[in-house]
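# Survey of secondary and tertiary structure
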Amino acid sequence: MKTRDKEEIYEKGLTLALSGYQLIEASLKLYLRNYFNIARYLISDQLYFGFDGKDYDNAPLGKLVSVFAKTCPDNNLVSELKAEISHRNHIAHQAALNLYRKEPLPKEQFSELSDEIENHSRNITSLLSRLNEINQQLKSRFE
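Please read all numbers here as calculations on a predicted model, not as lab measurements.

### What about the packing of aromatic side chains?
Applying the stated criterion across every chain yields a total of seven aromatic pairs. Aromatic rings pair up to connect Tyr31, Tyr35, Phe36, Phe49, Phe51, Tyr56 and Phe68 into one cluster.

### Side note on the side chain of Arg88
Looking at the secondary structure, you find Arg88 in helix α3 (residues 75–97). Not counting the four nearest positions on each side in its chain, Arg88 is found in contact with Tyr21, Gln22, Glu25 and Leu61.

### Remarks on the pattern of salt bridges
Under the criterion given, the structure shown has three salt bridges. Asp57 is the salt-bridge partner of Arg33, the closest N and O atoms lying 2.7 Å from each other. Of the two residues, Arg33 sits in helix α1 (residues 3–43) while Asp57 sits in the loop between α1 and α2 (61–69), which places them 24 residues apart along the sequence. Since its relative accessible area comes to 28%, Arg33 is described here as partly exposed.

### Regarding the environment of Lys82
Looking at where Lys82 falls in the secondary structure, it is placed in helix α3. In this structure, the C-alpha to C-alpha distance between Lys82 and Val65, residues 17 residues apart in sequence, is 6.6 Å. With residues near it in sequence (within four places) discarded, Lys82 still touches Val65 and Ala69.

### Thoughts on the nonpolar core
As a rule of thumb, soluble globular proteins bury nonpolar side chains together. Membership of the largest hydrophobic core comes to 33 residues, with the highest contact counts inside it found for Ile24, Leu28, Phe68, Leu81 and Leu131. Broken down by secondary-structure element, the contributors of at least two residues to this core are α1, α2, α3 and α4 (107–140). When residues in this core are grouped by element, the largest group, 11 residues, is from α1.

What counts, and where the lines are drawn
Residues numbered from 1 in each chain as written. Predicted model: local features only at pLDDT ≥ 70, side-chain atom pairs only at ≥ 80, totals over all residues. Heavy atoms only, no water. Phe/Tyr/Trp six-rings, centres within 6.5 Å; stacked < 30°, edge-to-face > 60°. Helix = DSSP H or I, 4+ residues; strand = E, 2+ residues; numbered from the N terminus. Contact = heavy atoms within 4.5 Å. Salt bridge = Lys/Arg side-chain N within 4 Å of Asp/Glu carboxyl O. Buried < 20%, exposed > 50% of the residue type's maximum accessible area, 1.4 Å probe, protein only. Core = buried A, V, L, I, M, F, W, Y, C linked by side-chain atoms within 4.5 Å.

Bear in mind that shape data such as this cannot, by itself, settle questions of function.
Written out as structure tokens, the structure reads:
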């Protein structure tokens, strides 16, 4: 495979991974918005509840996962999301920079980064599916 073809595949994989992380953030924001709305509804006549999902509209992934951890009973999902934070930062900052290097990366480094992006893309897909399930479970109790 030509170097340019590999670079295009790398760029597409990187773009998909970064988009996946954006979708994870959006899913967490949706969950928190729903969770806080439900909590406010359930306790509003007994206790003031000032938390609002809008408070997290611009929050980074780490903050979203931190708040999500306090509202989600699935400890495995929370642990996996926490583990992805550093990978997301690495992909966003280091892997993306490689697209703009004057000199191409050595083959070994390029291959390692490509494999890392591919592996995390699978993790992202799994996390998105599980976040969708937990969002559906939360909403279904109150629809």
